[in-house]
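# Structural overview for review
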Amino acid sequence: MRILILSFYYPPDIGPGSLRAKSLVDALVEEGPSDLKIDVITTMPNRYYSLNISALSHEDNSKVSINRITLPKHKSGMFDQAKAFISFSFAVRKLILKKKWDVVIAT
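Below or above, wherever it landed, is the structure these notes cover. Everything quoted here is computed from the prediction, not taken from an experiment.

### With respect to the sheet that holds strand 3 (residues 58-60)
Taken in spatial order, the five strands make up an open sheet running 3-4-2-1-5, and their pairing is mixed. Pairing within the sheet leaves two strands with one partner each, and these edge strands are strand 3 and strand 5 (103-106). In this sheet, neighbouring strand axes are inclined to one another by 10 degrees on average, regardless of whether the strands run parallel or antiparallel. Pairing analysis gives four bridges linking strand 1 (residues 2-6) to strand 5, with the strands arranged parallel. Within strand 5, the position partnered with Leu6 by the bridge is Ala106.

### Notes on unusual backbone geometry
It is generally the case that most residues other than glycine have a negative phi and that most peptide bonds are trans. Cis peptide bonds are those with omega within 30 degrees of zero, and the linkage from Pro11 to Pro12 qualifies with 15 degrees. Following the sequence through the fold, Pro12 ends up in the loop between strand 1 and helix 1 (16-31). Here Lys98, not a glycine, exhibits a phi torsion of approximately 65 degrees, which is positive. Assignment of secondary structure puts Lys98 in the loop between helix 2 (78-96) and strand 5.

Conventions used here
- Residues numbered from 1 in each chain as written.
- Predicted model: local features only at pLDDT ≥ 70, side-chain atom pairs only at ≥ 80, totals over all residues.
- Heavy atoms only, no water.
- Pairing = 2+ DSSP bridges.
- Helix = DSSP H or I, 4+ residues; strand = E, 2+ residues; numbered from the N terminus.
- Axes fitted to C-alpha atoms, helices over the stretch in contact; angles between N-to-C directions.

Set out below in C-alpha coordinates:
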(Lines give C-alpha, C1' and ligand atoms only; values in the text may rest on other atoms or scores of the structure.)
Protein backbone atom coordinates (compact mmCIF):
# COMPACT_ATOMS: atom_id res chain seq x y z
CA MET A 1 0.00 0.00 0.00
CA ARG A 2 1.30 3.44 -0.98
CA ILE A 3 0.28 6.61 0.84
CA LEU A 4 1.14 10.18 -0.11
CA ILE A 5 1.11 12.79 2.64
CA LEU A 6 1.26 16.46 1.67
CA SER A 7 2.11 18.72 4.58
CA PHE A 8 3.40 22.27 4.45
CA TYR A 9 5.13 21.70 7.81
CA TYR A 10 7.01 18.59 8.95
CA PRO A 11 9.84 18.10 11.46
CA PRO A 12 12.42 19.41 12.02
CA ASP A 13 10.20 22.43 11.41
CA ILE A 14 8.41 23.46 14.58
CA GLY A 15 4.78 24.06 15.36
CA PRO A 16 1.57 22.11 15.73
CA GLY A 17 1.23 21.34 12.01
CA SER A 18 4.56 19.55 11.83
CA LEU A 19 3.86 17.61 15.03
CA ARG A 20 0.45 16.46 13.74
CA ALA A 21 1.92 15.34 10.42
CA LYS A 22 4.74 13.42 12.15
CA SER A 23 2.27 11.77 14.55
CA LEU A 24 0.15 10.67 11.60
CA VAL A 25 3.15 9.16 9.81
CA ASP A 26 4.32 7.39 12.98
CA ALA A 27 0.86 5.92 13.63
CA LEU A 28 0.53 4.72 10.03
CA VAL A 29 3.95 3.06 10.15
CA GLU A 30 3.12 1.37 13.46
CA GLU A 31 -0.37 0.19 12.56
CA GLY A 32 -0.14 -0.13 8.76
CA PRO A 33 0.34 -3.22 6.63
CA SER A 34 3.75 -4.77 6.11
CA ASP A 35 3.95 -3.53 2.52
CA LEU A 36 3.27 0.09 3.53
CA LYS A 37 5.27 2.81 1.78
CA ILE A 38 4.67 6.46 2.77
CA ASP A 39 5.83 9.38 0.66
CA VAL A 40 5.85 12.72 2.48
CA ILE A 41 6.14 15.91 0.46
CA THR A 42 6.76 18.92 2.63
CA THR A 43 8.83 22.09 2.78
CA MET A 44 12.24 22.89 4.15
CA PRO A 45 11.80 24.40 7.63
CA ASN A 46 10.29 27.84 7.07
CA ARG A 47 7.85 28.60 9.86
CA TYR A 48 9.72 31.66 11.14
CA TYR A 49 11.84 34.05 9.09
CA SER A 50 14.44 34.47 11.85
CA LEU A 51 14.73 30.75 12.69
CA ASN A 52 17.18 28.77 10.58
CA ILE A 53 16.79 25.03 10.95
CA SER A 54 18.66 22.74 8.59
CA ALA A 55 17.18 19.58 7.12
CA LEU A 56 17.97 17.15 4.34
CA SER A 57 16.08 17.76 1.12
CA HIS A 58 15.48 14.02 0.78
CA GLU A 59 15.32 11.26 3.38
CA ASP A 60 14.47 7.63 2.71
CA ASN A 61 14.10 4.56 4.88
CA SER A 62 12.27 1.28 4.35
CA LYS A 63 8.79 2.71 5.05
CA VAL A 64 8.98 6.51 4.74
CA SER A 65 10.41 8.76 2.05
CA ILE A 66 10.49 12.52 2.72
CA ASN A 67 10.98 15.16 0.03
CA ARG A 68 11.45 18.73 1.24
CA ILE A 69 10.83 21.64 -1.10
CA THR A 70 12.82 24.86 -0.71
CA LEU A 71 10.56 27.89 -0.64
CA PRO A 72 11.39 31.56 -1.17
CA LYS A 73 12.13 33.41 2.08
CA HIS A 74 9.07 35.04 3.59
CA LYS A 75 8.16 37.11 6.62
CA SER A 76 4.73 35.54 7.16
CA GLY A 77 2.81 38.40 5.61
CA MET A 78 -0.33 37.58 3.64
CA PHE A 79 1.36 38.12 0.25
CA ASP A 80 4.52 36.25 1.30
CA GLN A 81 2.51 33.26 2.49
CA ALA A 82 0.48 33.19 -0.73
CA LYS A 83 3.74 33.10 -2.74
CA ALA A 84 5.05 30.29 -0.53
CA PHE A 85 1.89 28.18 -0.96
CA ILE A 86 1.91 28.73 -4.72
CA SER A 87 5.59 27.70 -4.90
CA PHE A 88 4.80 24.61 -2.84
CA SER A 89 1.87 23.62 -5.04
CA PHE A 90 3.88 23.94 -8.28
CA ALA A 91 6.77 21.92 -6.84
CA VAL A 92 4.38 19.22 -5.60
CA ARG A 93 2.83 18.93 -9.05
CA LYS A 94 6.28 18.29 -10.54
CA LEU A 95 7.11 15.64 -7.92
CA ILE A 96 3.88 13.68 -8.29
CA LEU A 97 3.77 13.64 -12.07
CA LYS A 98 2.98 10.13 -13.38
CA LYS A 99 3.07 8.54 -9.91
CA LYS A 100 0.21 6.74 -8.19
CA TRP A 101 -0.81 6.21 -4.58
CA ASP A 102 -3.60 4.26 -2.94
CA VAL A 103 -4.36 7.08 -0.48
CA VAL A 104 -3.54 10.80 -0.52
CA ILE A 105 -3.66 12.82 2.70
CA ALA A 106 -3.19 16.58 2.75
CA THR A 107 -2.73 18.51 5.95
